[in-house]
Every structure is written in structure tokens, then in C-alpha cells.
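So the chains spell out like this:
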Amino acid sequence: MSKLSVAKFGGTSVANFDAMTLCANIVTTDPNTRVVVLSASAGVTNYLVELANGCDKTRRTEILEAVKTIQYNIIDKLQEQAQIRAEIDTLLNHITALAESASLATSDALTDELISHGEMMSTKIFTQLCVERGYPAVWVDVRDIVATDSQYGKAVPNDEKTKSQADAILKPLLSAGKVAITQGFIGRNDEGKTTTLGRGGSDYSAALLAEVLNADDVLIWTDVPGIYTTDPRVVPNAQRIDTMAFNEAAEMATFGAKVLHPATLLPAVRSNIPVYVGSSKAPEQGGTWVTRDPQPRPTFRAIALRRNQTLLTLSSLSMLHAKGFLAKVFTILAKHNISVDVITTSEVSIAVTLDKTGSASSGADMLSQALLDELNEHCHVQVENDLALVAIIGNNLHTQAGVAKQLFHHLEGFNIRLISYGASTNNVCTLVKNQEADDIVRALHAGLFE
Ligand code: ADP
Ligand code: ASP
Ligand code: MG
């Protein structure tokens, strides 16, 4: 019996006609790839986010023109252009109308509706490109399948409903020998409104669809031939990791390795679905397989970097030996939908790091005045910005002698604002100044991997 692979192509992979052609080559030469999930063409989502945040007429016209140019440049190279151009024009008209509404009043629902158009356009064009090559590709609106809650910008999928919709809509197509081309990043809530899963969420969509379809694997085709020991843009000497474990990759993604969206591994781990990461530009270079228990498992695996972190230091007003302070603080943070990353505590204070945008699609600042006011009723609040998390990812880091000594040795000369060690067997996390982060990653990488 043939296998079923869900393939996802990211923004740079579908940025222009040549890039899309390479993706089509990958799809059409692999009979197992029968579900294809796409991001918006590179740059489009950023433009749409800008429109959704509201801008004046001149800027709106500029952005519209830029988005149109990106998509038209691809259409211009297709054989049959009239119908696809008309379809893209309809979507561009929607964008124009929604952008005008956003310039009067923004809303989270409007933002998601607007930014979903990037994936709608890229998938329509790619389907046409595949059909022209004689491939049995069919365009599918993923919102008919991926059901989510109503947290616009960071929606959470409803797995059961998504599964039953996939069974009803996708499975018959696959049984009929079709290849489904669909959107990453977006879904629909119970009210019938479009939602998004957070920036970079197409990886997550692909893993989710793989899970509900009982697929054999998820293939993430991107602009790097695999997962590296650190971001190769920061350290050109970084090495490709051929096989790694789900929990190692999950830690990397959570702590900033952009190559995978942090939630991608959730369905993969739950349903034990191997994830492959490779380059759509150079598939022959091979890539990384992420599986449950590959061997060997080195002490130091990789370094991840997450920029633009905020540190909140909360000092109790009433404190020494007071009970319930942490409970109070976390209740307030949860009420404001803030997810905390790293925590350290002392007798009278607690320091927590958070990602100000929470990677929500709109990029909006989550640290609101209302949250600060509420915290201020219970404690003194100090906010520090321009920080970065540098996470050292590995295995059994907490049980091995000498780990701390090695790390501190390589970190000599840098100011470390906060350290978290021991909660996870897979990482040691340090908070550092944004402007020193690259140098710290390079020093650690040189010391641990080169
Ligand atoms: P896509 O648009 O295909 O989703 P992304 O830009 O989201 O691609 O992710 C790919 C990028 O992730 C790479 O270009 C690279 O700079 C970055 N990256 C960060 N950390 C790593 C890492 N450890 N290994 C590989 N790539 C990484
Ligand atoms: N297009 C979306 C973004 O730019 C989703 C994705 O690319 O995964 O964030
Ligand atoms: Mg991505």
C-alpha cells in the first residue's frame, strides 16, 4: 500500500514562479505526497498585517500594488492566465475593501480575515501551475477542514471536528486519486469566521492535517536543507542534524528556531508521525528526520535564539513568607492570556520572561496597561525590554557533571541576566541583551560544536 505524506512549502518556496516550479517538481515526483499545504508567497503576509493594522490611502495603494506584483509575476508565466487572474483579482478586491475597513477600525477578526488572503492566493496559483503540468491537483479551502476556537491571531484547533471534516472532505478526494492543494495558517471558528494559528503557523497546519489523516509523515520544505545546530544565518558554520528526537526539536522550536513553528511537534508527538525538514531549492541535499527515539542522543544538540523578549520582575509588597503570591500573579497573567516562558524566583520576587507579541498573527503588543495596572495592585512591577533568550538544547543536561562549568566557560565575558536550568532535561535557558545575542550564540556554538 502506498504511503501518505503531507508536504508543506513555506513562503520563500512559493515566492515566485521558479520557486513554485521546484515545489511542483517535488510534489509530482513523489507519489506519496497527496496533500500539499502552502504558506503565502514570501512578503505577502507582512504586507497584509500592515494593512490590517490600519494605514492611510497612499500606503494602502502602495501595498496593494506590491502584493499584486508578487502574484502577477507568477501568473504572467502560466500558460492559461485569464481565469486565474480573475480569481486573484477578486481576492485583491477583497483585500482592498478589508484594508479600507481596517483603516477606520481594526479588529482581531478583521485582521485574520484579511491576512488569510495570502494563503488563498498562493494556493490558487500553485494549483493552476500543477494542473498545467497534467497533475491531478485540486484546490481545497482548508477552512472547511481545520476547525478552531475564536482566539483570533492564535486560534487553537478543535482536533475532533477537524478530523471529521477531513474524513468527509479530504479522504474522498485522496481515494479518487486527487492531490489536495490547501492553505496553511488558517482555519474557521464555529461562527464561520476565518481564524489564524499565529505567525509561521503553516507548519502546524501540515502536522495537524497529517494527524487527522493518519499520514505516514510530514515533509516541511523550506529554504534550508534541514535543522541545524543553530540558525545558519547567525553561524554559517552550523551543521545539519540528520536525525533528532521530537522533544529536542520541540524545545528548539519553542525557543526560537524559526525553521519549525512551536506547535508543529504537538500532533507529531501525539500520533508519532515523523517530520522531515528539507530545502525545496535543493532537495538532493537531504535533510533532517525528527522521530520519537533516534540514536545517538548527544549531551549538546543545538542552540536556539529567540529575540525581543521582555522580562517582568514582580516584587511582592507585603511579602516575606506571604502565601499565594505566585498563584495571584499567574492568575492575572492567565486572565490576560499571557504565556510565560522562563521563571526564576527569590524570597520576595519573581522574574518571568514573555514574548511580547506571543507570536500572534497581528504582532500586537500583549503587555497592556490593564495588565500592568492589575499586577501593580499586588506587587511592584519592573519591565525590561530588548532581551533575547538563548537556549542550549540537549539531552539529560540536568544529570551530567560539568554541563554548567562548560556553559559558563563559553559565556565568560557576557552579562547573563537570568538563567533557568533543571526544569527541563532538554534545555538550559539564558536571558541576555538583544544586541549581544548573536555573539553569545557564536561563542557557545564555537565552544560546543566546532
Ligand atoms: P518557511 O517560510 O519555509 O516557513 P522560515 O523562514 O519560517 O521558512 O524558517 C526557515 C528559517 O529558519 C531558515 O532560513 C533559518 O534562518 C531559520 N532557522 C532558525 N534556526 C534554525 C535552525 N536551527 N536550523 C535551520 N534553520 C533555522
Ligand atoms: N504566511 C504565514 C506567516 O507568514 C504563515 C506561514 O508562513 O507559516 O506567518
Ligand atoms: Mg516558517
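All figures in this text were calculated on a predicted structure; none of them were measured in a lab. (Residues numbered from 1 in each chain as written. Chains lettered and ligands numbered in written order. Predicted model: local features only at pLDDT ≥ 70, side-chain atom pairs only at ≥ 80, totals over all residues. Heavy atoms only, no water.)

Caption draft 1: Molecular detail of helix 13 (residues 403-411). The set of residues buried in helix 13 consists of Val403, Leu407, His410 and Leu411. Taken around the axis of helix 13, the buried residues stretch over an arc of 100°, which confines them to a single face. What points out from helix 13, more than 90 degrees from its buried face, is the exposed set Lys405 and His409. Buried positions along helix 13 lie against strand 11 (300-316), strand 14 (379-394), strand 15 (418-421), strand 16 (427-433) and helix 14 (434-449). Following helix 13 by one or two positions, Gly413 adopts a phi angle in the positive range, close to 95°. (Buried < 20%, exposed > 50% of the residue type's maximum accessible area, 1.4 Å probe, protein only. Helix = DSSP H or I, 4+ residues; strand = E, 2+ residues; numbered from the N terminus. Arc of directions from axis to C-beta. Contact = heavy atoms within 4.5 Å.)

Caption draft 2: Quick look at the side chain of Thr195. Structurally, Thr195 can be placed in strand 6 (residues 194-196). Its relative accessible area of 0% is what places Thr195 among the buried residues.

Caption draft 3: View of the packing of aromatic side chains. A complete count under the given rule lists four aromatic pairs for this structure. Here Phe9 and Phe126 contribute two aromatic rings whose centre-to-centre distance is 6.4 Å and whose plane-to-plane angle is 40°, an arrangement assigned as tilted. Remark: Phe126 occurs in helix 6 (residues 117-132) and Phe9 occurs in strand 1 (residues 5-9); sequence separation between them is 117 residues. Accessibility classification places Phe9 together with Phe126 in one group, the buried group. Seen in terms of ring centroids, Phe9 and Trp221 are 6.5 Å apart; in terms of plane orientation they differ by 15°. Their pairing is stacked. With Phe9 in strand 1 and Trp221 in strand 7 (residues 217-222), this residue pair connects regions lying 212 residues apart in the sequence. Exposure class is identical for Phe9 and Trp221. Each is buried. Taken together, the aromatic side chains of Phe9, Phe126, Trp221, Tyr276 and Trp289 make up a single cluster linked through ring pairs. Across from the ring centre of Tyr72, 4.7 Å away, lies the NZ or CZ of Arg85, which sits over that ring. Sitting over the face of the ring of Trp139, Lys124 holds its NZ or CZ atom 3.9 Å from the ring centroid. (Phe/Tyr/Trp six-rings, centres within 6.5 Å; stacked < 30°, edge-to-face > 60°. Lys NZ or Arg CZ within 6 Å of the ring centre and 35° of its normal.)

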